[in-house]
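Summary of the model geometry
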Amino acid sequence: MRGYTYVWPALYQTVRQLVAVTALGIAMLAAPANAMLAAPHNTTDAACRALDQMNGGDRDASPALAACIASQPSGGVIALVPGQYLITAPVLISRPVSILTRGMARSAPPCRVHDPRCATLLLQLRPDAIKPRAMPVTIRASSVSFDHIIFAGGANASLCLNPATRPAGGGLSVAGNDFSLTSSILKSFACYTALEYESGENGHIFGNTIAGNGTHTVHLMWSDGLTVHDAQHLAVVHNHFIDNTDVQLIFGGCTHCIVANNIFRHGGVSAGGSYAELMVQAWPKSTSGRYDGTKVVNNDINCGPQRDCGFGLMLGSTPWYDAPTSGGVVSGNRIVNAVLPIDIEGLTGEMTVTNNSISGAPAGRVRSTCGLLNVSSQVNVAAASRGFLRGNTAEATGSTSRSFKGCLLNPP
């Protein structure tokens, strides 16, 4: 009876949520395309015409990009000619604008990692232009959107060794409502994170590839793929996360959010490995750890035959630190070839975890930052978290109950 109590409502809710995700995808592909056709074009703007001339060369496009953004009215559209733009100074976006590739309909196939169809912003900051604790692109406005844009890192690795300059080794920082990133690429950032979503409501991160950020085998050169601090009504849907080398996707708090149909992969080399794939947790005294109304569903995690990730799905902030985590439904996810597919440790309130699929034999004795550890099950639920766990995950898999506090799996 206990299985029926948890499983059938969870299945029903998951089906409803997946229907909602499909509707969201259709709406995002259809409505913005119409909006783009009606949007003003920027080719008559002198400041943005100057930006066109920076395409494809080694000249610094930073002043022209800043001037083009400053020239836009609220809701203006900047349509970049396909090609590469070298950005050597930090970019601040403090007004509602859309930046996209000229001639590329929003319904077009997403950008590929190497794609001549798409405009590329090569973020290679000059040492004299770096600001303490600032990322190369900072968004501090609502209703900012990017579509079919490639953001590529080019930072000097030495930035990653200094806490003050380490964020400059990453990519974008966002604080604002109604942010949108669609069909785009975030790649090759040296460390920190490719995208830091600090705060906001009604964001959409849809159909992107976030790949090759950081180096897992070099100290302090790790990078998250997407880092969400605290958000509300955020959709992270249909994205590809590949070889992001700290945690591929990590949340500090997200209420009434949908995290669905994302794909997590590794290329089979240790430099592209990770400590964890998908982590739902909090940062101590910094983020809420609240996931009320949030669905984490139908994500596909496969770390490859060499087990290039430590934890597949992590719920709670241990082993890193102690912080509150509660709320939400985690259901219908697939985890393959993680050293430990599911670890639940540090829950401080109820969370439903049910009907997740796991494959790959238990790893046995594995490397960790605490030395060799015996991992004898594919699910671990720490004793202090069991009373908060709802669903069939622990019962169905014969889980172990231990603490990994201070012990990261898959260290370099």
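Scope of this entry: the structure provided in the associated data block.

Some points on the overall build of the chain
Looking only at helices and strands, one finds 5 helices and 34 strands in the chain. Going through the 412 residues of the chain one by one, you find that 57% of them count as buried. A separation threshold of at least 6 residues defines the contact pool for the chain, and within that pool the share at least 24 residues apart is 73%.

Quick word on the sheet that holds strand β5 (residues 119-123)
Strand order across the open sheet formed by 10 strands is β2-β5-β8-β11-β14-β17-β21-β24-β27-β30, with parallel pairing between neighbours. Two strands lie at the open edges of the sheet, namely β2 (83-87) and β30 (357-359), each paired on one side alone. Adjacent strand axes in the sheet meet at a mean angle of 10°, parallel and antiparallel pairs treated alike. Here strand β27 (residues 334-336) runs beside β30; their pairing, made up of 3 bridges, is parallel. Residue Ile-335 lies in a different strand from β30, and its bridge partner there is Ile-358.

Looking at the nonpolar core
Counting residues in each nonpolar core, the largest one holds 70 residues, and the members touching the most others are Phe-146, Phe-151, Leu-234 and Phe-251. The element contributing the most residues to this core is helix α3 (residues 62-71), with 4 residues. The next biggest cluster of nonpolar side chains, apart from the first, holds 15 residues, and it includes Val-339, Val-366, Cys-407 and Leu-409.

Let's talk about the sheet that holds strand β16 (residues 235-237)
Read across the open sheet, the 11 strands follow the order β1-β4-β7-β10-β13-β16-β20-β23-β26-β29-β34; overall the sheet is parallel. Looking along the sheet, the strands with just one partner apiece sit at the ends: β1 (76-80) and β34 (389-390). Bridge count for β1 against strand β4 (residues 97-101) is 5 bridges, and the pairing is parallel. Counted as the bridge partner of Ile-78 is Ile-99 from β4.

What about α3?
Listed as buried for α3 are Ser-62, Ala-64, Leu-65, Cys-68 and Ile-69. Down the axis, α3 shows its buried residues gathered within 165° of arc, on one side only. Where α3 is buried, its residues touch α2 (46-52), β1, β2 and β3 (91-93).

The rules behind each value
- Residues numbered from 1 in each chain as written.
- Predicted model: local features only at pLDDT ≥ 70, side-chain atom pairs only at ≥ 80, totals over all residues.
- Heavy atoms only, no water.
- Helix = DSSP H or I, 4+ residues; strand = E, 2+ residues; numbered from the N terminus.
- Buried < 20%, exposed > 50% of the residue type's maximum accessible area, 1.4 Å probe, protein only.
- Contact = heavy atoms within 4.5 Å.
- Pairing = 2+ DSSP bridges.
- Axes fitted to C-alpha atoms, helices over the stretch in contact; angles between N-to-C directions.
- Core = buried A, V, L, I, M, F, W, Y, C linked by side-chain atoms within 4.5 Å.
- Arc of directions from axis to C-beta.

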